Structures are given as structure tokens and as C-alpha cells.
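Listed here are the chains, written in short residue letters.
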Amino acid sequence: MEKEKMVKELNRLIGKESVLGTDMQIQLYEYDASLIRSKPDCIVLPTSTEQVSKVVKFAHDNGIRVIARGAGTNLSGGSISLQGGIAIVLTRMNNILELDIENQRVVVQPGVITLNLKNFLAKHGYLYQPDPASEKASTLGGNIGENSGGPHCLKYGVTSNHVLGGELVLYNGEVVQIGGKALDNPGYDLSGVFVGSEGTLGIMTKAILRIMPKAEAVKTMMCIFNSIEEGGDTVSAIIADGIIPATLEMMDNLTIKAVEEAYNMGLPKDAAAILIIELDGLSDGMERLTNRILDICKKHHVREIRVAKDQAERDKIWAGRKGAFGAVGRLRPNYMVNDGTVPRTKLPETLAKVIAIGKKYNLPIANVFHAGDGNLHPLILFDERDADELKRVHAAANEILKVCADMGGTISGEHGIGVEKIHGMQLICSSQDLASMRNVKVAFDPDGTYNPGKVLPELQKTA
Amino acid sequence: MPQKDQLVSALQKIVGKANVIQGPKKLKDCAVDGLVPKAIVCPKNEKEISKVMAIANANKMTVVPRGSGTKMAAGGIPRKVDLVLSLSKLNRVVDYDKANLSLSVQAGITLAALQKKLGAGRKGNFLPLDPPFTEKATIGGIVATNSSGPKRYIYGTARDMLLGIKAVSPDGDIVSFGGKTMKNVSGYDMTKLMIGTWGGLGIITEITTKLLPLPEASATLLLSFGDLEAAGKYIRKIIHSSLLPSAVELINGAAADRLGEKSKYLLALSLEGVVEAVARQITEISESSKKEGAKGVKVLKGTKEKAFWVRVRDLGSDLAKKYGSPVILKSNFVISKHVELMARCEKITEAAGVRAAFICHAGNGILHTYILDKPGAGAKLKGLIELIGKLTLEAVKDEGNLVVESCPPEMKEKISVWGQPRHDQILMRRLKEKMDPAGILNPGRFVGGI
């Protein structure tokens, strides 16, 4: 369908205040936090499930592709309109619909910003656990699409562990309810397979999330190392000792320097690695557990340990970690974030290989990662205007994916496959595995209306 | 379909003569709701399963996967039972990565045998699942039916622990999803999709899961209450506090009696973790519960504690030993309704003149109803059918549903074992049709007759 006609029809369907179609407007939605760019034909900003449903039905009936989008913080090109069509931006559906403390649930629209929900719940003494680093900007709908993680997922699990159901708009505009506030509804775990499907199966217009009372005590410590190997070994040693803290985060020297230069928070710029370890739970026994962790750090020649004395100090430690991507972003015009994940015992070995890859391609790589989960985030720094450098970046990124796959790991822990890693899917999935996933796609979206060209590579036809 | 002997010889070629069972008694033992299979096949590995499935698929023969057979009285009546596929020979630990706290294990191993292996040594680990049939339940069966127990309150269920699944699809493809990393968003979360599908989308042959270190200390508090209202108030206080019990079980008098405890309503709280936290919770809960109306407080530790939780888990399996297919119901509901729903269900069963034991995972919104009378026949059976209808409506009122976990086949013809139909059935049906187009895996046994 021609663009003008599409816009006109959409204006009629949901009102022109909810439709954007000028070139300038479209340009604002042609990118996310990855390097990939592609324009939708037009943008709609619905305010209700009914409007989403109308738009999707219209698109489906006319063979137009649809992509759902939140704040555009996606790191793998998942929210880019590869084949044009309509981008449904859900940021106006940003209401917390129901706080149900008695049942420990909250019902939200997809456009609610993650941190807004957390701040809202904190006033009532409750927590929604997932805490992606982009929580200040990212939407819950986006978190659900990507199955986002975050530091506290080490203990509390990722987004899908906290999504119990919701409302879906299917490929033809039909609206269905899946899961619910109660656990164990009979049937397949549709929420389980939907979360992390990167907008390829449907649009969740309402989500039911689990909330929990906040922990009695929290202890946050920063452990500074002179060697990155010893930092990595410490992580493995803590887990192997049977301690699962709430978080076990790590930053390398390049990141530490960047964070310090950006925020000036007193980090030693010559340190090789910093671990941020947080414990939470009951206060009883926490002191002893802290000491056990500190003993392990000492065995691995920790240089300095800083234990946060109060909330302000804790916030300061976390501000550095959560702002790390931003700080590293100041070093060069562009960065590419890798998201490979390995069994946590393979962390030191993988890290060494990542460093070697940086050297081989002559590219600076900053490492910030969820060490306790074995989830690396090497940030490859470059300038996209330099064609040769860009080529080396892609080669290095691919090599890192391969290293992670070879280590018995996977190519994405929490940022998604999107477009960026779609060619890597064959590193970890057989054609039978992919065919099985393709069946799920077709069951949900038989005509391929939603987010084409993402997650699943085209299967090679076998005779 | 080929002749039976042709089929048998084809199967024998794949798994060996001794592993195709045809003895009439054994076949009868593996009947599902009275439907006797043509053969029981016991493959030794995925490759054999793959070949068996390819034959079954090509010939539209239905296959019922089976672990140790603890769930055979559950689910809808199958449309057809051609083959029972036993996973009992797939019972190997594939990869126990102690330092990574992960484990890959084949489906046929029992959870009990596995826990023994994991718990051995100075720093033992465990898989935090505690479903019914403590000794018999296999890993594959637990995952395929998403079976859980009291301690899900703190540890969650299979969906929270599993990292990966290996399965054989209905057409014989061996597929592998997830892996041994703690996080994985590479493609769809097929692991979660496979959990609780009753083998309807593929035969689960291996799982990979997170493990947890064994807790330093544990104790259980048994608080006895004279009325449900006081118990309910106290449960609310506990689950909205920062205290961290690992199980919050509300048990009625009839159930307590079977557990060897005397109490009108018993609240069992399991405490696990570091020594100091367990000790403090014992003191704090003992004191505060008395103030809130608990009439007695008992602390269980060591073997007595372990035995108590085994009895809780196995109340249903003990009934099964007695009656074959006892009536066991599972209601789910929003968590705040723990005592309200139990009170209503108690009243309704009493009015129906039926004796029932109730055990509620009060922090998770799951109520198990164990009918203590023999299901019987005639008017008695009719009464039970009516009762199930009423109890289903009660759970639906509280945003849940009711699943009949066990009942005699003659009853199944007249009830919906999966509760009231739900809005999302359409998606489930499409998934089943896409993934098992010939409809050979456990057809008819799952929700909505898929």
C-alpha cells in the first residue's frame, strides 16, 4: 500500500493525533541502540489495546508488516523496521493499571518505564526485581520483548521469571489473555515462550508482573583487583564455594577509567578490575557471609575492598556500574556491545580470548559484565566513518560470538538476537532446533506480520 | 497401519528384542485410563527414540511417554494408545558441573537418586524441586507435568530452574534448546514452552538445570491454629514480611491427622538458609505466632523434619497405594485467598458428605484436595462429580481454575479434568497442530483435548 493511503487509513482508524508520517518524524524512529538503521513507512502511537488491535488488523488485512517499539534502547536491532511497514510505538500506553499488593502483582501497560515502576513500588515497600542497566529509559514492554536481565538476575532470575501473564494482540488483531495473576494455569506456558520473542509473536498490551516485599538487609561491596584474571577467578571461586550473592558484577580497566573520567567518583584509574558484590536477605548471618566473600577476595590478592556504609554509598557504587555504557560511549564515536554468555566457570578463559581478539584486530575493548551469570558485555570501541575499522569491528564481534559458542555458551544472554546476531544463530542451533522455533513463529503469526527478519534466520530448504 | 507383528519387528530392530515388551500383564499395567498399548518400547538413547518416533509418525501410531508411571491417572482420556515409550533406560547424569552449579541429566533418573548424588561430599548441592512421589518421580516426568511441591514458595518451579531441554520431536528430530548458561535469549525460550506440556510437543530426554548449594541449616515450625481466620491473618503477615521461609503450608485437621499431627489447622513453615537466619526466624515466628493466636508451636529438625515433608509430599501417593486412582484435585487462585478458598471448599465437601484432606501452598495460591473416601460407583461417583464442578467454580471465582490430578477413568468421561476452558486455548491448539501435526503424542490427554 502507498504510504499516503496508509497514513490516511490510519488517521481514520485511530485519529491523526496518533499517527506520524513526515520524513522528519520517521527519521526519529529509524534507529535503536544498535548500529542498524531502517525506516518504517509510518508510526502510530496508540493509547489503548483497542487501537493496537485495529492497527494490527488493518496491517494484516493489507499485507503490511508491523513492529512494536518502546523506548528504542534495543541493542541488537530488534526494534528496527527492516521491511518498512507500521511501527507501533507503545510509549503512550504508560499506565500502571493496578497495584495488587495483597496478591503481590502489578498490572502494567507496555509503555511504562522500568524505573518508574520500581520507584512507584518502592513507596509501598515492594520490588520488581529485573533491573536492566537501561531501566531509566527502557519500557517494560521492551524488557518483555527482550527478556531483559540486569545485575540482580543472578539471584532473582530474568524478566520471564517475573511475568505471569497478560494481554496479547495476535497477528490478526484478535486479543487474547494468557496466564493470569494466579500461578499454574492449566496449559502450555505461553507467557514463558512469549517473553523474549522480540516482538515476532505478538504485542503484549498488558502485563501481569510479580512483585515482592523488599529485603530486610542489603550489603554492597566493591572489590578492586590489580589483575583481571584474579577478578574473574574470584567470581568463579565465590560461586564454587556455594555462595550466590544478589549480584556479582565486574568492570575492567578501560571501563573503570571511563567511568571515573565521566563521573569522578574516586575509582582507582589504574585498577585492572572491579567487582561489585551485593548480598541481600535477612540481616542475620550476613556479616559472616560478607567475611567469607572477603576471604575469597583476599586469597585472590584483592587490592582494596570498599563496603558501602549506607544507601548513599550503595547508590554511588551502582551509579558507576549502570552508567558504564554511557561513560565508555564518550571514548569513541561508536561502540558495539557484545552479549555472549558462557558457563560461569569459563569466564576467565573467555575473557582472555576476548582481550586477545581486541589485540588481533587492533580495537579497544572495554569489558563490563554480569560476571556471576557468565554474561559478558565486551564493548568494542570504534568510529563508524572509518570503513576499515568498521570491518574489523564486525570481524571481531563475530569471533567473540564464536568463542562464546565454543566455550559451551551462547551468543546472547539478555540483549536479544534481533538483526545483529541473526547470522550467529547457526553457531548454537541446529537446523532442527531452528525448525522447531519456526513452528512456534508460524503458530503465533502464520502470515509473518510481526517484526520480519528478526531472531530466526531463513531456513535453507532441504530436499 | 502395518500389521502388529511387522510393527513389533521394526521396533525390535531399533531397540533390541528384549526392549519391546509385549507380555499381557505388563501391557495392562501400562494402560492409560483402561486403554492397553500394543507394546511398550524401552529405548536406550535419543537416537533410538528418534527412530521409534519416525516410525510412529509415519504410521500415525500414538505414543505415550512414561517415566515411572506416577501420573497415569491424570490428564484427559487419550484418544488412542498404541505405544508406551518408557524413558527408564535414559537415567544417566550427563554433566554435573559442580563449580558452575549446573547439571545435565537424562529424563528417566529419579529425583531421589539424583539428590543423593548431588548432596554427597562436603559441599553438597541440590535441585530445589520437591514434588509428590518423593522416591518414584523421575526428572522427565516432573518437568513434563511441571510437578512441584511446598518449597516452590522460595525456590520456584521447573520454569525458574531449568536452563535447557533436549527432546525428540514427533517426527523424530532430536532438538536441543537452551544450554548451561544462566541466561540465554538466543532464539525463543523453547525450554519454558516444553515444561508442563505432558510430552505433547516432544519427548523430553534430557534437561539442564541450575543447582543450589545445600542450605547450612534447616528447621520446620508447626504452628497450630484453632480457626482459619487467625491462621489466615498470620500467613498474610509472614508472606508480606521480609522473613524468608521456604514453604508456607496450610493444612486442615484431616490432613494433619494423616501427617501424624493433631491440630485443627496446622501451619507448617520450613526455614532454610544460614544458621543465624534460621535461628532468628525460629525465635521470631514462635513468639509472634503465639501473639497472633497460635495455640501450639513445635520445632522439627533433622530426620523428623525430613520425614514430615516427605509425608506432606506423599499424602496423595499413599492414597494411590490404597485406591489405585484416588480423587485428587489441584485448585489454583490468587494468593490472598488462601484461607477463604480453603474455608469454602471445606464447607462444600462437608455438605456433600465427603471426607477430604486439604493442603494449601498458601504463599503460591495452590490448594490440593485429597478425597479420603474410595471413589466408589453409582450415586457416590455422581456426588463426587457434582462436587468437582462446585469446587471448580470456587477456584474460578478467585481467578484460578481446578485440575483433577487423579481420578478413576469412569469419572473422567463426565468431567473436565483440566477445569474451565480458558481464553488462550486457541494458541495452544495452534502450537500443538504445528509441532505435532499428526497428533501422535499423548493425543487427548492435555488441556482442551489436545
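Conventions we followed
- Residues numbered from 1 in each chain as written.
- Chains lettered and ligands numbered in written order.
- Predicted model: local features only at pLDDT ≥ 70, side-chain atom pairs only at ≥ 80, totals over all residues.
- Helix = DSSP H or I, 4+ residues; strand = E, 2+ residues; numbered from the N terminus.
- Buried ≥ 20, exposed ≤ 12 C-beta atoms within 10 Å, placed from the backbone.
- Contact = placed C-beta atoms within 7 Å.
- Nonpolar A, V, L, I, M, F, W, Y, C, P; charged D, E, K, R; others polar.
- Expected span 1.5 Å × (residues − 1).
- Arc of directions from axis to C-beta.
- Pairing = 2+ DSSP bridges.
- Domains from an automatic or database assignment.
- Core = buried A, V, L, I, M, F, W, Y, C linked by C-beta atoms within 7 Å.
- Axes fitted to C-alpha atoms, helices over the stretch in contact; angles between N-to-C directions.
- Parallel < 35°, antiparallel > 145°, perpendicular 65-115°, else oblique.
- Left-handed = near helix turned anticlockwise from the far one by under 90°.

What follows is about the environment of A:R37. Residues and elements named next belong to chain A. Residue placement: R37 occurs in the loop between α2 (23-27) and β2 (42-44). According to the C-beta neighbour criterion, R37 is exposed, with 11 such atoms within 10 Å. Considered as a pair, R37 and S81 are 44 residues apart in the sequence and their alpha carbons are 8.3 Å apart. If we skip the residues at most four places from it in the chain, R37 touches E30, Y31 and I80.

This part takes up the interface of chain B and chain A. Facing the 66 residues of chain B at the interface are 73 residues of chain A. For the side of chain B that touches chain A, the secondary structure elements donating two or more residues are α7 (158-161), β9 (174-178), α8 (190-194), α11 (275-291), β19 (401-406) and α17 (425-435) of chain B. With seven residues, the top contributor of residues to the side of chain B that touches chain A is α17(B). Looking at the side of chain B that touches chain A, its residues break down into 28 nonpolar, 22 polar and 16 charged.

Residues and elements named next belong to chain A. Look at helix α13 (residues 347-360): 20 Å from first C-alpha to last across 14 residues, which is about the 20 Å you get at 1.5 Å a residue. Among the residues of α13, those classed as buried are L347, T350, L351, V354, I357 and G358. What you see down the axis of α13 is that its buried residues fit within an arc of 115°, all on one side. Facing away from the buried side of α13 by more than 90 degrees, the exposed set consists of A356, K359 and K360. Lining the buried residues of α13 we find α8 (228-240), β17 (365-369), β18 (378-382) and α14 (387-406). Once α13 finishes, N362 follows within two positions and takes phi at roughly 55°, a positive value.

This next bit is on the pairing of strand β8 (residues 162-168) of chain B. All names here are of chain B. The buried fraction of β8 is high, at seven of seven residues. Pairing analysis gives six bridges linking β8 to strand β10 (residues 203-210), with the strands arranged antiparallel. Bridge pairing in β10 places K166 opposite E206. If you look at the hairpin formed by β8 and β9, you'll find five residues sitting between the two strands, and G172 has a positive phi there, around 100°.

With that settled, consider the domain arrangement of chain A. All names here are of chain A. Per the domain assignment, the segments making up chain A are domain 1 (3-89), domain 2 (96-213), domain 3 (215-331) and domain 4 (334-441). Put simply, the middle of domain 2 and the middle of domain 3, counted by C-alpha atoms, are 28 Å apart. Each partner contributes residues to the interface: domain 2 has five residues there, and domain 3 has eight residues.

The next point concerns the nonpolar core. With 269 residues, the main nonpolar core has A:I88, A:I274, A:I380 and B:L267 as its most contacted residues. For this core, the leading source of residues is α14(A), giving seven residues. Sequence-distant contacts of A:I274, that is, excluding residues within four places in its chain, are made with A:M222, A:C223, A:I224, A:M250, A:M251, A:I256 and A:L267.

The next thing to look at is the packing of α13(A) against α14(A). In helix packing, the relevant descriptors are the interaxial angle and the interaxial distance, both defined with respect to the helix axes. Residue and element names in this part refer to chain A. Running from N to C, α13 and α14 point in directions that differ by 160°, and their axes come no closer than 10 Å. Regarding the angle of α13 to α14, the classification is roughly antiparallel. The crossing of α13 and α14 is right-handed. Residues T350, K353, V354, I357 and G358 of α13 form the contact with α14, whose own contacting residues are A396, E399, I400, V403 and C404. Residue classes in the contact of α13 with α14 are distributed as six nonpolar, two polar and two charged.

Residues and elements named next belong to chain B. If you trace the eight strands from one edge of the open sheet to the other, you get β15-β12-β14-β13-β17-β18-β16-β19, paired in antiparallel fashion. Each edge of the sheet is formed by a strand with only one pairing partner; in this case those strands are β15 (296-300) and β19. The mean inter-strand angle of the sheet, taken between neighbouring strand axes irrespective of direction, is 20°. Along the sheet, helix α14 (residues 338-351) makes contact with β13 (247-252), β16 (328-332), β17 (356-361) and β18 (366-371), crossing β17 at roughly 170°.

With that settled, consider the domain arrangement of chain B. One can read the domain layout of chain B as domain 1 (4-88), domain 2 (93-213), domain 3 (217-313) and domain 4 (315-412). Inter-centroid distance (C-alpha atoms) of domain 1 of chain B to domain 3 of chain B is 44 Å.

All names here are of chain A. Across the sheet, which stays open at both edges, the four strands sit in the order β1-β2-β4-β3 with mixed pairing between neighbours. Both edges of this open sheet fall to β1 (19-20) and β3 (66-69), since each of them pairs with a single strand only. Note: β1 against β2, two bridges, orientation antiparallel. In the sheet register, V19 faces β2, and the bridge partner there is V44. In the packing of helix α1 (residues 3-14) onto the sheet, contacts are made with β1 and β2, and the angle to β2 comes to roughly 10°. The strands touched by helix α3 (residues 49-61) within the sheet are β2, β3 and β4 (86-89), with β4 carrying the most contacts at an inclination of about 170°.

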